[in-house]
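Analysis of the macromolecular model
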Number of protein chains: 2
Amino acid sequence: MDRAQAHTWLTTAIEEARLGLDEGGIPIGAALYGADGTLLGRGHNRRVQDGDPSLHAETAAFRAAGRQRSYRGTTMVTTLSPCWYCSGLVRQFGISRVVIGEAVTFHGGHDWLAEHGVEIVLLDDAECAALMRDFIAAHPALWNEDIGVN
Amino acid sequence: MDRAQAHTWLTTAIEEARLGLDEGGIPIGAALYGADGTLLGRGHNRRVQDGDPSLHAETAAFRAAGRQRSYRGTTMVTTLSPCWYCSGLVRQFGISRVVIGEAVTFHGGHDWLAEHGVEIVLLDDAECAALMRDFIAAHPALWNEDIGVN
């Protein structure tokens, strides 16, 4: 896809990440765009805010989009490389493309998704990386909890 | 693990699947047990009931368990082989074991989990299989929507 378009869509995910940060949460945001470019759903990690470990940014955006008959042609945009949980979501539902803000602070399952035919657009966004780097430095235990490291 | 114990735990997941069926939903249930055998959370697929595609049985049980510092030693019990989304959940959070009612009507990611060190206890439960077989025959489109087939 066009990288300028990817960057534009990423701004929605970054807005979500910043909303999460302002709420005292983990600053990861995501948005699901339809094949025609319509925004279907957006959301951010809600572990802290709702005490809900199932709401990663990608699953929050997926949930916000509601029931869809097909995910063909859709794009999941996320500020951070998707973990196995969120990568599994993408693979199971046939989401066609993932736009990733950065994969420096955390490297999830996007290589596996690429092997299984998902288009991966990996941006090297400094703002996304700074958000996570600062958060991890300040709250290492919370971050580890969110990715199941202990 | 002891298979009699696995069958006992499976009854909780089957109860959840039947609750879902009674609500007009997809009859898949799950339960998360702690390392000491405590029931941490239980739930069932809520796509129809809540219009929420993110709540598969396993993610519902995981959510119901709330935040946990570690999933080491925990067991996810599910009436049906976990899809990629739910398999990704198990891998990311380090859930140690998955007890599966049946993998005949749907074969998800449990072989992949076994390759990555998760203990898989595959029961060949006739009740679980009958629940899904009847449901899929009656509602094929809804089932396909739930697993992203279109």
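Residues numbered from 1 in each chain as written. Chains lettered and ligands numbered in written order. Predicted model: local features only at pLDDT ≥ 70, side-chain atom pairs only at ≥ 80, totals over all residues. Heavy atoms only, no water.

As annotated in an unreviewed UniProt entry, chain A carries the name Nucleoside deaminase and is attributed to Streptomyces massasporeus.

**Re the relation of the copies chain B and chain A**
In the superposition of chain B on chain A (RMSD 0.0 Å, axial shift 0.0 Å), the rotation amounts to 180°. Such a turn and shift between the copies fits a two-fold axis. Minimal C-alpha distance to the rotation axis in chain B is attained by Gly88(B), lying at 2.5 Å. Comparing interface residues between copies, 100% of those in chain B also lie at the interface in chain A; the contact surface is shared. (Least-squares fit on C-alpha atoms with pLDDT ≥ 70 in both. Contact = heavy atoms within 4.5 Å.)

**Quick word on the nonpolar core**
Inside soluble globular proteins, nonpolar side chains tend to come together where they are buried. Grouped together as the largest cluster of nonpolar side chains are 60 residues, with contacts concentrated most on Met76(A), Trp143(A), Met76(B) and Trp143(B). Every residue in contact with Met76(B), bar those within four places of it in the chain, is listed here: Ala30(B), Ala31(B), Leu32(B), Glu58(B), Ala61(B), Phe62(B), Leu89(B), Ile95(B), Arg97(B), Val98(B) and Val99(B). (Core = buried A, V, L, I, M, F, W, Y, C linked by side-chain atoms within 4.5 Å. Buried < 20%, exposed > 50% of the residue type's maximum accessible area, 1.4 Å probe, protein only.)

**A word on the sheet that holds strand S2 (residues 39–44) of chain B**
The strands that make up a sheet are held in pairs by hydrogen bonds between backbone atoms, and each pair lies either parallel or antiparallel. Residue and element names in this part refer to chain B. Taken in spatial order, the five strands of this open sheet run S2-S1-S3-S4-S5, and their pairing is mixed. Only two strands of the sheet have a single partner each, and these edge strands are S2 and strand S5 (119–122). Put simply, the sheet's adjacent strands are angled 15° from each other on average, direction ignored. Where strand S1 (residues 29–33) lies against strand S3 (residues 75–80), four bridges are found, and the strand directions are antiparallel. Within S3, the position partnered with leucine 32 by the bridge is methionine 76. Sheet strands in contact with helix H1 (residues 3–22) are S1, S2, S3, strand S4 (97–102) and S5, and its direction is about 55° off that of S3. (Pairing = 2+ DSSP bridges. Helix = DSSP H or I, 4+ residues; strand = E, 2+ residues; numbered from the N terminus. Axes fitted to C-alpha atoms, helices over the stretch in contact; angles between N-to-C directions.)

**What to know about the environment of Asp124(B)**
Residue and element names in this part refer to chain B. Tracing the sequence through the fold places aspartate 124 in the loop between S5 and helix H6 (126–138). Distance in space between the C-alpha atoms of aspartate 124 and glutamine 92 is 26 Å, their sequence separation being 32 residues. Ignoring any residue separated from it by four or fewer positions in sequence, one finds aspartate 124 in contact with Gly101 and Val104.

**Quick word on the UniProt feature "domain: CMP/dCMP-type deaminase" (unreviewed entry) in chain A**
Sites flagged by UniProt as "domain: CMP/dCMP-type deaminase" (unreviewed entry) map to residues 4–120 of chain A. Secondary structure over residues 4–120 of chain A splits into 40% helix and 21% strand, and the C-alpha atoms at its two ends are 15 Å apart. (UniProt positions renumbered as here; feature names shortened; annotations may be inferred.)

**Quick look at the pairing of S1(B)**
Residue and element names in this part refer to chain B. Where burial is concerned, most of S1 is hidden: five out of the five residues are buried. Here S1 shows a buried face lined by Gly29, Ala31 and Tyr33 and a second buried face lined by Ala30 and Leu32. Across five bridges, the pairing between S1 and S2 is antiparallel. Residue pairing for S2: tyrosine 33 is matched across the bridge by leucine 39. Turn length for the S1-S2 hairpin, with the two strands adjacent in sequence and antiparallel, is five residues, and the turn residue glycine 37 shows positive phi of about 90°.

**A short note on the packing of aromatic side chains**
Counted under the stated rule, the structure contains 18 aromatic pairs over all chains. Ring geometry for Trp84(A) and Trp112(A): centres 5.3 Å apart, planes at 75°, overall edge-to-face. Taken together, the residues Trp84(A) in helix H4 (residues 84–93) and Trp112(A) in helix H5 (residues 110–115) connect sequence positions 28 residues apart. Each member of the pair, Trp84(A) as well as Trp112(A), carries the same accessibility label: buried. Ring geometry for Phe106(A) versus Trp143(A): centroids 5.7 Å apart, planes at 90°, classification edge-to-face. Taken together, the positions of Phe106(A) in the loop between strand S4 (97–102) and H5 and Trp143(A) in helix H7 (residues 140–146) put the pair 37 residues apart, joining distant regions of the chain. Neither Phe106(A) nor Trp143(A) differs from the other in exposure class; each is buried. Taken together, the aromatic side chains of Phe62(A), Tyr71(A), Tyr85(A), Phe93(A), Phe62(B), Tyr71(B), Tyr85(B) and Phe93(B) make up a single cluster linked through ring pairs. Over the ring of Trp84(B) we find Arg91(A), and its NZ or CZ is 3.9 Å from the ring centre. (Phe/Tyr/Trp six-rings, centres within 6.5 Å; stacked < 30°, edge-to-face > 60°. Lys NZ or Arg CZ within 6 Å of the ring centre and 35° of its normal.)

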